[in-house]
Amino acid sequence: MDERTALRALAADLPGAGDDAAVVGAQVVTTDMLHESTDFPSGTTRNTAGWRSVGASLSDVAAMGAAATAAVAAYGAPSLDEDELRAFVRGARDVCESVGAEYVGGDLDTHDEFTVATTALGDASDPVLRSGASPGEVVCVTGALGRSAAGLRAFEAGDAERGNELFRFPPRVESGVALAPYATAMMDSSDGLARSLHQLAEASDCGFAFEWDRLPVHDAVSEYAADGGDCREMAAYFGEDFELVFTVSETDLSSVRAAVPAPVTVVGEVTADGVVAGDGPVPDEGYTHASEG
């Protein structure tokens, strides 16, 4: 089974699951696992690994409209090198500090592959779920898409400095908190925009229609995309961008843009069913959190 099939199989046993984070009282909690073979290309520094792995969990907190409070990480590697450990902790602390949270430690162990499991906590009196979108609303994204795809291409091209820079994305915690009073449904784009829209459609029992030329594409994509089709693939299907994908009433758009610090782009609208773009159905494709080996 792939990750989504496995999660569906467990749905009956875990009725509280299904959003970016679990709601526990007035808090949200989320956990993620990243592996060297699937998440850290050759050339990724331990500093970037610390930032990115903890940032992934902070992004889940952001997608709930919660204020991040703390994060921990379990670190496993074939050997425990002091310089690498210190660099990892610096990255983890820096990304937490960037969103007003605290990195409070974790666990260490040897492992045959560099692997990181992270957990983040956040405060949310009224968390935003994936299930509240309604036809007639608009669907928006924060920031720009394709950053991580461009980062991977940079690593593949041997430009590790550029790759590491692009992989240290900004978790949208402040934007998520600002969106909480307005967003009717929200998640992050870690699986890619296309798959995120399919997941929101399933949770909210609705559909989406968007236009390709509305998508905000990260400037770095043009550095590495082969053509227009490749640009679309990098922006909509690659994933791992950790931007927020959300729905909101069109009447609230001006308030949203005034409140949210990140750029907000309307990419389409909520419909009754299906996920379509201007030229037809959009496949449910995106990032898969599993090794192909």
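Residues numbered from 1 in each chain as written. Predicted model: local features only at pLDDT ≥ 70, side-chain atom pairs only at ≥ 80, totals over all residues. Heavy atoms only, no water.

Going by what an unreviewed UniProt entry lists, the protein chain is known as Thiamine-monophosphate kinase and is assigned to Halopelagius inordinatus. Its UniProt record gives the protein chain the following Sequence similarities (unreviewed entry) comment, quoted word for word: "Belongs to the thiamine-monophosphate kinase family." Per UniProt, the protein chain has the following entry under Function (unreviewed entry): "Catalyzes the ATP-dependent phosphorylation of thiamine-monophosphate (TMP) to form thiamine-pyrophosphate (TPP), the active form of vitamin B1." (UniProt positions renumbered as here; feature names shortened; annotations may be inferred.)

Below, the discussion takes up the sheet that holds strand E1 (residues 22–24). Taken together, five strands build an open sheet; the order of strands is E1-E2-E5-E3-E4 and the sheet is mixed. Among the strands making up the open sheet, the edge pair consists of E1 and strand E4 (102–110). The average undirected angle you get between the axes of adjacent strands in this sheet is 20°. Taken strand by strand, helix H3 (residues 46–63) contacts strand E2 (27–35), strand E3 (67–77), E4 and strand E5 (115–123), and its axis lies near 40° from that of E5. Lying over the sheet, helix H4 (residues 82–98) contacts E3, E4 and E5, oriented at roughly 150° with respect to E4. (Pairing = 2+ DSSP bridges. Helix = DSSP H or I, 4+ residues; strand = E, 2+ residues; numbered from the N terminus. Axes fitted to C-alpha atoms, helices over the stretch in contact; angles between N-to-C directions. Contact = heavy atoms within 4.5 Å.)

Moving on to the pattern of salt bridges. In the structure shown here, the tally under the stated rule is nine salt bridges. Note that Glu84 and Arg46 form a salt bridge whose closest N and O atoms lie 3.6 Å from each other. Placement of the pair is Glu84 in helix H4 and Arg46 in helix H3, with a sequence separation of 38 residues. Glu84 sits in the partly exposed class, given a relative accessible area of 30%. The buried category is assigned to Arg46, whose relative accessible area is 15%. Residues joined by salt bridges that share partners form a network here, namely Arg162, Glu165 and Glu223. (Salt bridge = Lys/Arg side-chain N within 4 Å of Asp/Glu carboxyl O. Buried < 20%, exposed > 50% of the residue type's maximum accessible area, 1.4 Å probe, protein only.)

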